[in-house]
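Spelled out from the first residue to the last, the chains are:
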Amino acid sequence: TSRLRFDPSGRKLAVTSSEDGRLYVLDANSGATLLISTNEDWLGEAAWNTHSPVIATIGRTTGLIYLFDADTGQRLPTMKGHQNEPGSVEFSHDGELLISSGWDGAHLWHVRTGGHLVANGSAGSSLAFAPDDGAIGQSCYEGGLELLTVSSGREARRWHAGEEDRNHKLLA
């Protein structure tokens, strides 16, 4: 299975392979291969950093988060903290933080150092940073939605599918 993600400019495409552990960077217009980087792990979901040529990918068999230089293919610091396979990765808008999620909750990382900052929340998949990077939204495997505060890593609010908020607008 392959996963793909456009870079912020829309000119490049990252393609990860869960069968051969390769990360491909393709020219989105021509389809030409710009880069192939090999890895010993099966790779899953990918995310592009908006401020530097860095791609984050999920290690499907190790639970690791791999960072690659999108220009050279060099593997950067590996992030370790998940107890099983992560499901999603996403960079903050300023490119300084990375969030990953899986069966063991959401994990927040410092991109430059690879440091694991906090693990919290419920098992989940889909992730999104708020426009100011102050909060993270996560859809939970149990059917709810969580809002985590980035500064503390603590849950700020939890909703469940079909629940109404204070303004009586249906969520999820």
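Right above here is the structure, for reference.
This structure is a prediction, so every number in the text was calculated from the model and none was measured. (Residues numbered from 1 in each chain as written. Predicted model: local features only at pLDDT ≥ 70, side-chain atom pairs only at ≥ 80, totals over all residues. Heavy atoms only, no water.)

A.B. asks: Tell me about the overall build of the protein chain, and name the residues and values.
C.D. replies: Of the regular secondary structure elements, the protein chain holds 0 helices and 15 strands. Excluding contacts between residues fewer than 6 apart, the proportion of contacts in the protein chain whose partners are at least 24 apart in sequence is 32%. When the accessible surface of the protein chain is split by element, carbon and sulfur atoms take 49% of a total near 8,600 Å². (Helix = DSSP H or I, 4+ residues; strand = E, 2+ residues; numbered from the N terminus. Contact = heavy atoms within 4.5 Å. Areas by Shrake-Rupley, 256 points an atom, 1.4 Å probe, with all protein chains shown as cover.)

A.B. asks: An account of the layout of surface pockets is requested, with residue identities and associated values reported.
C.D. replies: What the largest pocket holds in volume is close to 150 Å³. Taken together, N49, H51, S52, V54, L67, L76, P77, D94, G95, E96, V111 and R112 make up the lining of the largest pocket. (1 Å grid on protein atoms, 1.4 Å probe; cavity = no way out; pocket = protein on both sides within 12 Å on 5 of 7 lines; lining within 4 Å. Points joined across faces, edges and corners; volume = space filled by probe spheres on them.)

A.B. asks: Quick one: what's the story with the pairing of strand β7 (residues 65-69), residue by residue and with numbers?
C.D. replies: Most of β7 sits out of view: 5 of its 5 residues are buried. Because side chains alternate across β7, one face comprises the buried residues I65, L67 and D69, and the other comprises Y66 and F68, equally buried. In this structure, strand β6 (residues 54-59) lies alongside β7, joined through 5 bridges in antiparallel fashion. Bridge assignment links A56 to a residue of β7, and that residue is L67. In this structure, the hairpin formed by β6 and β7 is closed by a connection of 5 residues, where G63 is found at a positive phi of approximately 80°. (Buried < 20%, exposed > 50% of the residue type's maximum accessible area, 1.4 Å probe, protein only. Pairing = 2+ DSSP bridges.)

A.B. asks: Report on unusual backbone geometry, specifying residues and quantitative values.
C.D. replies: Negative phi characterises most residues that are not glycine, and trans characterises most peptide bonds. For D133, which is not a glycine, the phi torsion comes out positive at approximately 65°. The exposure class assigned to D133 is buried, which follows from its relative accessible area of 11%.

A.B. asks: For the pairing of strand β11 (residues 116-120), give the residues involved together with the corresponding values.
C.D. replies: Inspection of the sheet shows strand β10 (residues 105-110) paired to β11 by 4 bridges, in the antiparallel sense. When the sheet's bridge partners are listed, H107 is paired in β11 with A119. Count of turn residues in the β10/β11 antiparallel hairpin: 5 residues, of which G114 carries a positive phi of about 75°.

A.B. asks: Give me the sheet that holds strand β9 (residues 97-102): which residues, what numbers.
C.D. replies: Spatial strand order, β8-β9-β10-β11: 4 strands in an open sheet with antiparallel pairing. At either margin of the open sheet sits one strand with a lone partner, and together these are β8 (86-91) and β11. The mean angle between the axes of side-by-side strands here comes to 20°, regardless of whether they run parallel or antiparallel. The sheet contact formed by β9 and β10 spans 6 bridges and is antiparallel. Bridging across to β10, L98 finds its partner in W109. (Axes fitted to C-alpha atoms, helices over the stretch in contact; angles between N-to-C directions.)

A.B. asks: Lay out the environment of G115 in plain terms, naming residues and giving numbers.
C.D. replies: Tracing the backbone shows G115 in the loop between β10 and β11. The residues touching G115, leaving out its near neighbours within four places in the chain, are L108, W109 and H110.

A.B. asks: Can you lay out the pattern of salt bridges for me, pointing to particular residues and giving the numbers?
C.D. replies: Tallied over the entire structure, the rule returns 6 salt bridges. Linking R5 and E90 is a salt bridge whose minimum nitrogen-to-oxygen distance equals 3.1 Å. Of this pair, R5 sits in strand β1 (residues 2-6) while E90 sits in strand β8, and the two are 85 residues apart along the sequence. The exposure class assigned to R5 is partly exposed, which follows from its relative accessible area of 23%. R22 is the salt-bridge partner of D20, the closest N and O atoms lying 3.9 Å from each other. (Salt bridge = Lys/Arg side-chain N within 4 Å of Asp/Glu carboxyl O.)

A.B. asks: Go over the sheet that holds β6, please, and point to the residues and values.
C.D. replies: Strand order in this open sheet of 3 strands is β5-β6-β7, and the pairing throughout is antiparallel. In this open sheet, the two strands that pair with only one neighbour each are β5 (43-48) and β7. Strand-to-strand twist of the sheet, defined as the mean angle between neighbouring strand axes without regard to direction, takes the value 25°.

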